[in-house]
Amino acid sequence: MGRLTVRALRAVLVAVFAGTVFVQVSMVWALATDPEDGSLPLTPLRLVTVAGMLAAQVALVCVWRLVAMVRRGTVFSPAAFRYVNGMIGAIVAAALLWFTVTALNAPGQREDPGVTLIMGGVGVAILGVALIVLLLRMLLAQAVARDGEAARLRTELDGVI
């Protein structure tokens, strides 16, 4: 991974992290100062938003740590699984939170249930992303196993020579 790529990715991660913190602060401020008018269940939606931003922040930190491991050349190690598992957990949490938003929004969509179906489809797509990351985790596990096997064979070869 080139230096420019790492810097650009880290700049994006910092910007997105700052954006999620801004949204969290805004939602907490709104919880404290803006009363509900009864049209939507605002308090639960605001709480779900704060939790969703937390899930995004966990995923961002995990990506940051994995980028650092790639730069150091240590990504093919058992330590990387902690961050990949964190990303999978954050994505699944985001999907569950999205399903919560869908359920909170559904009563207001009785005349147009298509919106609820589309929102449910988005939740399924988010779970699909978690499955893709799980697949990538399996590939990482294979790479770590092969790297370990190569190191063992190198040691044996050095002993023979």
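Up top you'll find the structure we're talking about.
Right, let's walk through the structure included here. (Residues numbered from 1 in each chain as written. Predicted model: local features only at pLDDT ≥ 70, side-chain atom pairs only at ≥ 80, totals over all residues. Heavy atoms only, no water.)

**Things to note about the pattern of salt bridges**
Side chains that differ in sign of charge can pair as their charged atoms come close. Inspection of the entire model under this criterion finds three salt bridges. Where Arg46 meets Asp34, a salt bridge forms, and the shortest distance between an N and an O atom there is 2.8 Å. With a gap of 12 residues between them, Arg46 in helix α2 (residues 42–72) and Asp34 in the loop between α1 (3–33) and α2 connect regions that are remote in the sequence. Judged by relative accessible area, Arg46 falls into the buried class, the value being 8%. The class of Asp34 is partly exposed, set by a relative accessible area of 39%. With its nearest N and O atoms 2.4 Å apart, the salt bridge here joins Arg152 to Glu149. (Salt bridge = Lys/Arg side-chain N within 4 Å of Asp/Glu carboxyl O. Helix = DSSP H or I, 4+ residues; strand = E, 2+ residues; numbered from the N terminus. Buried < 20%, exposed > 50% of the residue type's maximum accessible area, 1.4 Å probe, protein only.)

**Some thoughts on the environment of Val50**
Along the chain, Val50 falls in helix α2. Of the residues examined, Val50 reaches a relative accessible area of 21% and is grouped as partly exposed. For the pair Val50 and Ala93, spaced 43 residues apart in sequence, the C-alpha separation works out to 12 Å. What Val50 contacts, discounting residues up to four positions off in sequence, is Gln24, Met27 and Val28. (Contact = heavy atoms within 4.5 Å.)

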